[in-house]
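So you can see what is in the structure, the chains are spelled out below.
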Amino acid sequence: QVQLVESGGGLVQAGDSLRLSCAVSGLTFSTYGMGWFRQAPGKEREFVARISRGGGNTYYLDSVKGRFAISRDNARNTVYLQMNSLKPEDTAVYYCAAGRTSTGGSVWYGTDYWGQGTQVTVSS
């Protein structure tokens, strides 16, 4: 019954921007920390960004700091990832995740639910 559905991926050129969306249903959205992960061909899935349950705290992979911004709208049960100044190294399948966190989001205990993923391809 729980569903996380990503959208917004596509093929863009280096320097362009994309905004990914993840629509969540079947759970109490505001009780979960939300995150974005990505997996490039031949590599393990890696953490990209996460946001606390109330949206007050965010955390990022070092290589995307200053370029990506995660946000959430608890009234719409949606989490976003704004990606600016995209680089070819950002090419990956991006996955939305709902997880158990500490109150402020500093600790991600584990992922309970995953979306199906959306492809982001950045050409040079």
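Student: I would appreciate a short explanation of the overall build of the protein chain in the present structure.
Tutor: Counting its secondary structure elements, the protein chain contains 0 helices and 11 strands. Of the regular secondary structure in the protein chain, the N- to C-terminal order runs β-β-β-β-β-β-β-β-β-β-β. What you see for the protein chain is a C-alpha radius of gyration of 14 Å, in line with the 14 Å of a compact globule of 124 residues. Judged by the C-alpha coordinates and their principal axes, the protein chain covers about 40 × 30 × 30 Å. Residues counted as buried form 42% of the 124 residues belonging to the protein chain. Intrachain contacts of the protein chain at a sequence separation of at least 6 include 57% that bridge at least 24 residues.

Student: Explain the pairing of strand 11 (residues 118-123) here, please?
Tutor: The two faces of the sheet receive side chains in turn, since in a regular strand these alternate between them. Going residue by residue along strand 11, you find T118, V120 and V122 tucked away on one face and Q119, T121 and S123 left uncovered on the opposite face. Note: strand 2 (residues 10-13) against strand 11, 4 bridges, orientation parallel. Among the inter-strand pairings, L11 is bridged to a residue of strand 11, identified as T121. Judged from the 3 bridges that link them, strand 9 (residues 92-101) and strand 11 form a sheet pairing that is antiparallel. Bridged to V93 within strand 11 is Q119.

Student: How should I be thinking about the state of the cysteines in this particular structure?
Tutor: Note on terminology: disulfide describes a covalent bond linking the sulfur atoms of two cysteines. Applying the stated criterion across every chain yields a total of 1 disulfide. Residue pairing for C22: its cysteine sulfur links by disulfide to C96, the two sulfurs lying 2.2 Å apart. Between C22 and C96, the S-S dihedral sits near -85 degrees, and the bridge is therefore left-handed. Separated by 74 residues along the polypeptide, C22 in strand 3 (residues 18-25) and C96 in strand 9 bring together distant segments of the chain. Residue class for C22 comes out buried when judged on its relative accessible area of 0%.

Student: Help me out: how do you make sense of the pattern of salt bridges in this one?
Tutor: It is possible for side chains of opposite charge to pair when their charged atoms get near one another. Summed over all chains, the structure comprises 6 salt bridges. Here D62 makes a salt bridge to K65, at a shortest N to O gap of 2.9 Å. Among the residues examined, D62 registers a relative accessible area of 60% and is labelled exposed. The partly exposed category is assigned to K65, whose relative accessible area is 49%.

Student: Which parts of the structure should I look at to understand the pairing of strand 10 (residues 108-114)?
Tutor: Pairing geometry for strand 9 and strand 10, over 5 bridges, is antiparallel. Bridge pairing in strand 10 places A98 opposite Y113.

Student: What is the right way to look at the packing of aromatic side chains in this model?
Tutor: Aromatic ring pairs are reported here in terms of the distance separating the ring centres and the angle at which the planes meet. Under the definition given, this model contains 5 aromatic pairs. Centroid distance Y32 to Y113: 6.2 Å. Interplanar angle 65 degrees. Geometry classified as edge-to-face. Separated by 81 residues along the polypeptide, Y32 in the loop between strand 3 and strand 4 (33-39) and Y113 in strand 10 bring together distant segments of the chain. Between F37 and W114, the aromatic rings sit 5.0 Å apart at their centres with planes inclined by 70 degrees, giving edge-to-face as the arrangement.

Procedures and definitions
- Counting restarts for each chain: residues are numbered from 1 in the order of the written sequence.
- Local features in a predicted model are, by the rule used here, given only for residues with pLDDT of at least 70; side-chain atom pairs are given and counted only at 80 or more, and totals for whole chains, interfaces and linings are based on all residues.
- Side-chain metrics rest on all non-hydrogen atoms present in the structure, leaving aside hydrogens and water.
- Each helix corresponds to a stretch of at least 4 residues labelled H or I by DSSP, and each strand to a stretch of at least 2 residues labelled E; elements are numbered beginning at the N terminus.
- The atom set for the radius of gyration is the C-alpha atoms, and the globule formula is 2.2 Å times the number of residues raised to the power 0.38.
- Between buried and exposed lies partly exposed: a residue is buried under 20% and exposed over 50% of the maximum accessible area for its type, with that area taken using a 1.4 Å probe on protein chains only.
- A contact between two residues is defined here by any heavy atoms of the two lying within 4.5 Å.
- Pairing between strands requires that DSSP locate at least two bridges from one strand to the other.
- By definition, disulfides here are pairs of cysteine sulfur atoms that lie within 2.5 Å.
- By definition here, a salt bridge exists when the distance from a side-chain nitrogen of Lys or Arg to a carboxyl oxygen of Asp or Glu is within 4 Å.
- Pairing of aromatic side chains here covers Phe, Tyr and the six-membered ring of Trp, requires ring centres within 6.5 Å, and sorts the geometry by plane angle: under 30 degrees stacked, over 60 edge-to-face, intermediate tilted.

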